[in-house]
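What follows is the residue order along each chain.
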Amino acid sequence: MKICVKDAFVSQAYSKKYSLDIDEDEILPLPAYTSGVHAEITVTAKDGRVFCETEIKARFETLCS
């Protein structure tokens, strides 16, 4: 996913949220992987600086030692 932040530099109060689901076939095979990956991305800008906050969720199961 590409995110264009050009508008963030010309706005006094910029905030935009993105949601992304990554299909299982796009993820490297992992032995403990059990579901798709979901990402929530928030892009904000203040004083000419752009910030990106990302939350990624995935389910993994593994053996307990």
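This report concerns the structure included in the present document.

Rules used throughout
Residues numbered from 1 in each chain as written. Predicted model: local features only at pLDDT ≥ 70, side-chain atom pairs only at ≥ 80, totals over all residues. Heavy atoms only, no water. Salt bridge = Lys/Arg side-chain N within 4 Å of Asp/Glu carboxyl O. Buried < 20%, exposed > 50% of the residue type's maximum accessible area, 1.4 Å probe, protein only. Patch = residues over 30% accessible without salt bridge, like charges linked within 9 Å, V, L, I, M, F, W, Y side chains within 5 Å. Areas by Shrake-Rupley, 256 points an atom, 1.4 Å probe, with all protein chains shown as cover. Lys, Arg positive; Asp, Glu negative; His and termini not counted. Charge placed at Lys NZ, Arg CZ, Asp CG, Glu CD. Helix = DSSP H or I, 4+ residues; strand = E, 2+ residues; numbered from the N terminus.

## Quick word on the pattern of salt bridges
Applying the stated criterion to the full structure yields one salt bridge. A salt bridge links E55 to K57, with the shortest nitrogen-to-oxygen separation between them at 3.4 Å. The class of E55 is partly exposed, set by a relative accessible area of 43%.

## Here's the deal with a negative patch on the surface
A cluster of acidic residues, D21, D23, E26 and E40, forms a negative patch at the surface. Tracing the sequence through the fold places D21 in strand β1 (residues 14–22). The exposed category is assigned to D21, whose relative accessible area is 54%.

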